[in-house]
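Coordinates in review
Next come the chains, spelled out residue by residue.
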Protein chains: 4
Amino acid sequence: MIRVAIIGTTGYTAIESIKILLNHPQATITYLTSRAQHCHISEIFPALRDRLDLEVEALDIDKLATVADVALCCLPHKASMEFVPKMLDAGVKVVDFSADYRIHDVDLYEKTYKVEHTDPDNIANAAYGLPELFREQIKGANLVANPGCYPTAATLGLAPLLENKLIACDDIIVNAVSGTSGVGRKAALNWHFPEMNENYFGYGVGVHRHMPEMQQVLTEKCGHNVRLLFQPHVVSIDRGIAETIYCQPIEKVSDAKLIELYQKYYKDEPFVRICDKPPAMKDVANTNYCDIFPVNAKGRVIVFSAIDNLVKGAAGQAVQNMNIIFNLEETMGF
Amino acid sequence: MIRVAIIGTTGYTAIESIKILLNHPQATITYLTSRAQHCHISEIFPALRDRLDLEVEALDIDKLATVADVALCCLPHKASMEFVPKMLDAGVKVVDFSADYRIHDVDLYEKTYKVEHTDPDNIANAAYGLPELFREQIKGANLVANPGCYPTAATLGLAPLLENKLIACDDIIVNAVSGTSGVGRKAALNWHFPEMNENYFGYGVGVHRHMPEMQQVLTEKCGHNVRLLFQPHVVSIDRGIAETIYCQPIEKVSDAKLIELYQKYYKDEPFVRICDKPPAMKDVANTNYCDIFPVNAKGRVIVFSAIDNLVKGAAGQAVQNMNIIFNLEETMGF
Amino acid sequence: MIRVAIIGTTGYTAIESIKILLNHPQATITYLTSRAQHCHISEIFPALRDRLDLEVEALDIDKLATVADVALCCLPHKASMEFVPKMLDAGVKVVDFSADYRIHDVDLYEKTYKVEHTDPDNIANAAYGLPELFREQIKGANLVANPGCYPTAATLGLAPLLENKLIACDDIIVNAVSGTSGVGRKAALNWHFPEMNENYFGYGVGVHRHMPEMQQVLTEKCGHNVRLLFQPHVVSIDRGIAETIYCQPIEKVSDAKLIELYQKYYKDEPFVRICDKPPAMKDVANTNYCDIFPVNAKGRVIVFSAIDNLVKGAAGQAVQNMNIIFNLEETMGF
Amino acid sequence: MIRVAIIGTTGYTAIESIKILLNHPQATITYLTSRAQHCHISEIFPALRDRLDLEVEALDIDKLATVADVALCCLPHKASMEFVPKMLDAGVKVVDFSADYRIHDVDLYEKTYKVEHTDPDNIANAAYGLPELFREQIKGANLVANPGCYPTAATLGLAPLLENKLIACDDIIVNAVSGTSGVGRKAALNWHFPEMNENYFGYGVGVHRHMPEMQQVLTEKCGHNVRLLFQPHVVSIDRGIAETIYCQPIEKVSDAKLIELYQKYYKDEPFVRICDKPPAMKDVANTNYCDIFPVNAKGRVIVFSAIDNLVKGAAGQAVQNMNIIFNLEETMGF
């Protein structure tokens, strides 16, 4: 039985992790911590009443080392790099949800996130936790940097085309739409129900922090310098990310061949499904699937890619990574 | 041209009032004030960009007296009774959205709202602004206490039965459901989109502040001591209140006679519609209508009553009251 | 490994049953049938792509007998009683989702559902599948009549009060609100998204078919003739039922004692949670829980009861019943 | 007083037209027709109860000529071109909501809509009803082809850049998202509430019928052969269209200059608002505004454009066109 701690237990990725783990036959939750709220977990999340009988406590590294084999660290960036090295030093494996160990270039990280990186040494030790592309690195890792939600959908959608050099690597537009749980569990007027309900709008024009992450991962995989334009939008839906990715083909490949290419690329992947039409956000909600549909249109290739931002885009992928680290069946818990 | 000031211009009842007044052929908005935010109105409400070119300022009573004939006072209770007497003294008529002048019994007010009433003298001068029941008092009034949203739907639904002594006045259950705009325009975790979306729950069990208001108004109209149980719920819808009111009939009246009774009672009312089935929240959204359907069921009489909480339940009713005060066509602006 | 067939595989209760069973360690889905659509299951439900590789076929009783130990019969009333006796004769156990075997009085059934009952003999053989109240009968049953969604919430909410004779059994009002999945998976203008979205309305005034079912079950449990007024409403939410039940107390019991009474009544139940405030629809969504909060208010006792209409109100309860029939841990699959 | 007939009174554009006209000081609705439903208008749209007392009848051209000066023809394509010539012959002006008179090239129309055009002569007589670009043609017209919803947002968003030759005319991607009212008022499983709620997906990849319309209009305005890739998506929101348009700049223009350019281009337009951030769908809902935000991002120019699909994208624009035809203030009714 893998003993799991949840670090930073007040947000949506934490409760989603808990729900998946409660269903996991080889994992048990032993420790819940938070910097802010200390009470029974059911007071924070009434949905967990009678399902998990644990108090949320302040993080005690010694206790952590005693009760947990692995920590799912749901802290935000900056907070994460403060605690992660201590957890690693205490011999606990970490799957980190923040961006702190995702960007390999420290300067780029610091420019993007506008903070000094206080734990640069561990960046090199961190596997990028996208199993479909980096499974081997994850296997032996003590620290896994769980990918961002937008990069998960974009990277899985683009990798087959870029690796096969079928599209220009500097003319890619990722138009993304996210459900509102992506903004986190902190009240603000923008996300106040009567403001956000029945609404949709773009944000982060030209500056979203997930853009460098996407570029780095895809550049590493395809060997070319990938440059893309990423434009996110938020919509009055609870959960889901759907990306419509516009690519410039280098050589013309038929629709049937595109599908075949993707099916082959992901043929052993339990959590990637190749579709025959644009995937619906609702069909991946509450699942760990990434649904992908590549197609030609008016001289471009469009790739549609959809995930649940809280599952494949966060908690589900983290448990998938945990399964790989501990050599368990990758689909356990789902 | 009636010159209108909006006092407390940052909430939903304020923007709703502005939208109605922009459509009003005999009214013009001349002054916007707020205690908290001082900037162009379109910075607070981008939806008003290019529609209203006014700055939101701190309330200056002298300026108010110069530029406005009437103030729609959208302040919350307690704040209202601080400013209303000054506005009245300056010769400006006031339609007040708060509860401060609705409850005639000062003790009851103070017990219900848990504050001392600092302007008890004006309570007696205030007309209760439900035109269908108190039009004559509103006509000559300098101060109108605009009713609460829940009491508007309940009172219009119950008055014909109670006035005609067809139901027991001490065995009434008002089961109410409100859209989320009713909670106001202030962020809180409860109303954070991912918490509130796809949600419905009861609150205020046995203690909601609108209960005494309903009882007072109905007691005044029917001459008996009305006692009711009011149970509100909130739902993930923007706007609308729907009440299902369970009554104990004293004498049996057929369904057809019930409809006839209501049609007769409201026959000259432009904003009450008697329906032949339970009204849908969506059919009154963005209108000043109260839709009512009375019917017998299993020995009870059920009255279904629906309004838009921001229009007939607040801003629309306020403009309707303003029209009455100034002797304009009551439907102007709608 | 229990081999399970799903009969009538095109509706929401069917896909919900499949999702739960895919997660069940001791059950495997072996057969899918439909009267209307014959194709791969993923063509009907793209969400099941790569999760279940079965064709949906016409029901063949011989094949059923060969491949399945139990059938979850998701057919509507009338269709059910045509097929259920054949399945039973073939030695297959049945959990039936329809109303056909819920009402013990054939005349009442025929009056309520306006069809002749063609299999009255099996009514007596059917256990009413509400495990919290009728677990013993379910244990040995070959046929279980899975309860209606509204009756599940109402019965669990009322049983402790009625069995303990704390409330009048002829003065009960059940005000219910259901998410839209309750209307089934068949397009109609009423449920067309732009009509139903942001909407809420009452229906079935005085005549809803679940009223006799509630009365029968509660009468059986409490020994008195229970008479109640049931008023349902539908709301623009996917899933969930929330009932606010107004009761007339016979003797006054404090709030604390009420909670204690309910906790004791359901102390060994894995799927009933007693709350300390009105339960939120969202907290039971996608779970098999019934959340209940009993409280005094203005001389009445109000019981708030919430379930997911597709889970505890249908598919989840069916799997719970299946677990009981086969002597498995009752919580398996959840 | 302009006498207005609504032809095809069962859809969302019809009820939206009626609501706007009820608020129009110089127009009166005199005639409602439908091919399918003949009854009082309030039976089709309960929201109109007590607001419009007219029966919906079969279209009688003689009666139309007697009672109406102008017809808002809400029929779908193909049906429209059957009735429009008769209405014109009878001396009634027509604002046609269908595509039948929008495409100037008959072959292109027939290929796109897959029907024979039975009234080609009137195509040349039809003004394209986008007042901001074609006001002069509309002024004298007897027949106005009201633009499609997607083309309205795209064309207003792109015209300033294309007319000023600031972007390549053959490298434009229009990523569009529409509320569900865009699918019309006809039930289908795709738009059944429990299927569509909390959902978002792309459709019409490479083949949407609005693509040729956009290309034609923009080609006419800018003198170059405009070629674009249009990709629509539908989302679980009632109303609104938001387009994110990716353009390839020919020469670099600063963000400030872009805003200035747009402000100048639309400086006298009452219904175009230039924003300083991506417009929110909710801020244009229930209004006739088109909100536009142009901005540089990573070497591209992105134009965000948002409208209410039923107002500026249909009924509102039709009334705006009607106002122009009859030489009324263009903003009347709004």
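Residues numbered from 1 in each chain as written. Chains lettered and ligands numbered in written order. Predicted model: local features only at pLDDT ≥ 70, side-chain atom pairs only at ≥ 80, totals over all residues. Heavy atoms only, no water.

Structural notes on the packing of helix 6 (residues 131-139) of chain B against helix 12 (residues 311-325) of chain B
Residues and elements named next belong to chain B. Counted only if it meets this: Lines fitted to the C-alpha atoms define the axes, with helices restricted to the stretch that makes contact. Angles between their N-to-C directions range from 0 to 180 degrees. A helix here means a DSSP run of H or I that spans at least four residues, while a strand means a run of E at least two residues long, and both kinds are numbered starting from the N terminus. We call two directions roughly parallel when the angle between them is under 35 degrees, roughly antiparallel when it is over 145, roughly perpendicular when it lies between 65 and 115, and oblique otherwise. Working rule for handedness: look at the near helix, and if it is turned counterclockwise from the far one by less than a right angle, call the crossing left-handed; if clockwise, right-handed. A contact between two residues is defined here by any heavy atoms of the two lying within 4.5 Å. In the scheme used here, Gly and all other residues not listed as nonpolar or charged are polar, with Ala, Val, Leu, Ile, Met, Phe, Trp, Tyr, Cys and Pro taken as nonpolar and Asp, Glu, Lys and Arg as charged.
Two numbers describe how helix 6 lies on helix 12: the axes approach to 10 Å, and their chain directions differ by 40 degrees. When the axes of helix 6 and helix 12 are compared, the pair comes out oblique. Pair helix 6 / helix 12 crosses with right-handed handedness. Residue-level contacts link P131, E132, R135, I138 and K139 of helix 6 to K312, Q317, Q320, N321, I324 and I325 of helix 12. By residue class, the composition of the contact of helix 6 with helix 12 is four nonpolar, three polar and four charged.

Considering the relation of the copies chain D and chain C
The cut-off we apply is this: In superposing the copies, a least-squares fit is computed on C-alpha atoms, taking residues whose pLDDT is at least 70 in both.
For the pair chain D and chain C, the relating rotation is 180 degrees, the translation along its axis is 0.0 Å, and the fit reaches an RMSD of 0.0 Å. Expressed as a symmetry operation, the mapping of one chain copy onto the other fits a two-fold axis. Both copies share a contact surface, since 100% of the interface residues of chain D are interface residues in chain C too.

As for the domain arrangement of chain A
Residues and elements named next belong to chain A. Keep this limit in mind: Each domain span listed reflects an automatic or database assignment of domains. Summed over both partners, the accessible area (1.4 Å probe) lost when two parts come together is defined as the buried area. The term salt bridge refers to a side-chain nitrogen of Lys or Arg lying within 4 Å of a carboxyl oxygen of Asp or Glu. For this analysis, a polar contact is any N or O atom pair within 3.5 Å, provided that within protein one partner can donate a hydrogen and the other can accept it, and provided that sequence-adjacent residues contribute only side-chain to side-chain pairs.
Taken as a whole, chain A is organised into domain 1 (2-147 + 313-325) and domain 2 (150-308). Inter-centroid distance (C-alpha atoms) of domain 1 to domain 2 is 24 Å. Facing 25 residues of domain 1, the contacting portion of domain 2 comprises 25 residues. By the criterion of area lost to domain 2, the three top residues of domain 1 are Y12, E132 and L133, representing 27% of everything that side buries. There are three salt bridges connecting domain 1 and domain 2. Between R239 and E16 there is a salt bridge whose closest N-O contact spans 2.6 Å. Taken together, the links from domain 1 to domain 2 amount to 15 residue pairs in polar contact (both at pLDDT 80 or more). When contributions to the side of domain 1 that touches domain 2 are tallied by element, the ones reaching two or more residues are helix 1 (12-22), helix 5 (106-113), helix 6 (131-139) and helix 12 (311-325). Of the residues contributing to the side of domain 1 that touches domain 2, the split by class is 11 nonpolar, nine polar and five charged.

Observations regarding the packing of aromatic side chains
The following threshold applies: Planes of paired rings set the category: under 30 degrees apart is stacked, over 60 is edge-to-face and the rest tilted, where pairs are Phe, Tyr or Trp rings (Trp by its six-membered ring) whose centres lie within 6.5 Å. Residue burial is assigned from relative accessible area. The probe radius is 1.4 Å, only protein chains are included, and a residue is buried under 20% of its type maximum, exposed over 50%, and partly exposed in between. Any Lys NZ or Arg CZ found within 6 Å of a ring centre and within 35 degrees of that ring's normal is scored as a charge over the ring.
Inspection of the entire model under this criterion finds 34 aromatic pairs over all chains. Ring plane angle 65 degrees and centroid distance 5.9 Å describe the contact between C:F271 and C:Y289, whose orientation is recorded as edge-to-face. With C:F271 in the loop between helix 10 (255-265) and strand 12 (272-274) and C:Y289 in the loop between helix 11 (281-284) and strand 13 (290-297), this pair connects stretches of sequence that are 18 residues apart. Looking at C:Y289, the relative accessible area reads 10%, which means it is buried. When the ring of D:F271 is compared with that of D:F334, the centres are 5.0 Å apart and the planes differ by 70 degrees; the resulting orientation is edge-to-face. Within this pair, whereas D:F271 is found in the loop between helix 10 (255-265) and strand 12 (272-274), its partner D:F334 is found in the segment after helix 12 (311-325), the two being separated by 63 residues in sequence. On the accessibility criterion, D:F271 (4% relative accessible area) is buried. Each residue in the set A:F271, A:Y289 and A:F334 is aromatic and connected to the rest through ring pairs, giving one cluster. We note A:R273 situated over the ring of A:Y289; from NZ or CZ to the ring centre the distance is 4.0 Å.

Focus: the interface of chain D and chain C
Listed as interface residues are 20 residues of chain D and, on the opposing side, 20 residues of chain C. When chain D packs against chain C, the two sides together hide about 1,700 Å² of surface, and 58% of this comes from carbon and sulfur. C:R185 is the salt-bridge partner of D:E195, the closest N and O atoms lying 2.9 Å from each other. Applying the counting criterion to the chain D and chain C interface returns 10 residue pairs in polar contact (both at pLDDT 80 or more). Top contributing element to the side of chain D that touches chain C by residue count: helix 8 (residues 193-196) of chain D, with four residues. Counted by class, the side of chain D that touches chain C contains 10 nonpolar, six polar and four charged residues.

Concerning the pattern of salt bridges
Scanning the entire structure with this criterion turns up 64 salt bridges over all chains. Here A:D238 makes a salt bridge to C:K282, at a shortest N to O gap of 2.7 Å. Residue A:D238 is found in the loop between strand 10 (228-235) and strand 11 (241-249), and its partner C:K282 is found in helix 11; the two belong to separate chains. The network of salt bridges with common partners includes A:D171, A:R300, D:D171 and D:R300.

Some points on a positive patch on the surface
Note the cut-off: Exposure above 30% relative accessible area and the absence of a salt bridge qualify a residue for a patch, where like charges join within 9 Å and nonpolar side chains (Val, Leu, Ile, Met, Phe, Trp, Tyr) within 5 Å. The Shrake-Rupley method, run with a 1.4 Å probe, gives the accessible areas here. Residue values count only the displayed protein chains as cover. A positive count includes Lys and Arg, and a negative count includes Asp and Glu. His and the chain ends are not counted in either. Throughout, a charge is located at the NZ atom of Lys, the CZ atom of Arg, the CG atom of Asp or the CD atom of Glu.
A cluster of basic side chains, namely A:K111, A:K114, A:R209, A:R227 and D:K298, defines a positive patch on the protein surface. Mapped onto the fold, A:K114 is located in the loop between helix 5 and strand 6 (126-128).

What about the interface of chain A and chain D?
Listed as interface residues are 38 residues of chain A and, on the opposing side, 38 residues of chain D. Taking both partners together, chain A and chain D bury about 3,100 Å²; carbon and sulfur atoms supply 63% of that area. The largest share of the area that chain A buries against chain D comes from A:E198, A:Y200 and A:K282, three residues that together contribute 20% of it. The interface formed by chain A and chain D holds two salt bridges in total. Put simply, A:R300 and D:D171 hold a salt bridge, and the shortest N to O gap is 2.8 Å. For the pair chain A and chain D, the number of links is 18 residue pairs in polar contact (both at pLDDT 80 or more). At the level of secondary structure, the elements contributing two or more residues to the side of chain A that touches chain D comprise strand 8 (167-178), helix 8 (193-196), strand 9 (200-202), strand 10, strand 11, helix 11 (281-284), strand 13 (290-297) and strand 14 (300-307) of chain A. Its residues assigned to classes, the side of chain A that touches chain D shows 21 nonpolar, nine polar and eight charged.

Examining the packing of helix 1 (residues 12-22) of chain B against helix 12 of chain B
Residue and element names in this part refer to chain B. At a minimum axis distance of 9 Å, the contact between helix 1 and helix 12 shows a crossing angle of 45 degrees. The angle between the axes of helix 1 and helix 12 places the two elements in the oblique class. The two elements helix 1 and helix 12 cross, and the hand of that crossing is right-handed. Mapping the contact onto sequence places T13, E16, S17, I20 and L21 in helix 1 and V311, A314, A315, G316, V319 and M322 in helix 12. Taken together, the residues that form the contact of helix 1 with helix 12 break down as seven nonpolar, three polar and one charged.

Some details on the sheet that holds strand 2 (residues 27-33) of chain D
All names here are of chain D. Note the cut-off: Pairing between two strands is assigned when DSSP locates at least 2 bridges connecting them.
Taken in spatial order, the seven strands make up an open sheet running 3-2-1-4-5-7-6, and their pairing is parallel. Bordering the open sheet on either side are strand 3 (56-57) and strand 6 (126-128), each of which pairs with just one other strand. Looking at chain direction, strand 2 and strand 3 are connected through two bridges and run parallel. Paired with T33 across the bridge in strand 3 is E57. Those strands touched by helix 4 (residues 79-89) are strand 1 (2-7), strand 4 (70-73), strand 5 (93-96) and strand 7 (143-145), and its axis lies near 160 degrees from that of strand 5. Against the sheet, helix 12 contacts strand 1, strand 2, strand 4, strand 5 and strand 7, and its axis sits at roughly 155 degrees relative to strand 5.

Concerning helix 5 of chain A
Residues and elements named next belong to chain A. Rules: To obtain the arc, one takes the directions from the helix axis to the C-beta atoms.
Of all the residues in helix 5, the buried ones are Y109, T112 and Y113. Angular distribution of buried residues about the axis of helix 5 spans 80 degrees; they occupy a single face of the element. The outward face of helix 5, more than 90 degrees from its buried face, is lined by the exposed residues D107 and K111. On the buried face of helix 5, the contacting elements are helix 4 (79-89) and helix 9 (210-222).

Some words on the environment of B:L52
All names here are of chain B. With respect to the secondary-structure elements, L52 resides in the loop between helix 2 (41-44) and strand 3 (56-57). When the C-alpha atoms of L52 and S42 are compared, they prove to be 7.7 Å apart, with 10 residues separating the residues in sequence. If we skip the residues at most four places from it in the chain, L52 touches I18, L22, I29, L32, H40 and I41.

Some remarks on the side chain of B:D96
Residue and element names in this part refer to chain B. Among the secondary structure elements, D96 is positioned in strand 5 (residues 93-96). For the buried D96, no salt bridge is present, and the opposite-charge side chain at shortest range is R102, 6.7 Å distant. A polar contact is formed between the side chain of D96 and the side chain of S80, at a distance of 2.3 Å. When residues no more than four places from it in sequence are discounted, the contact partners of D96 are C73, S80, V84, Y101, L143, V144, A145 and N146.

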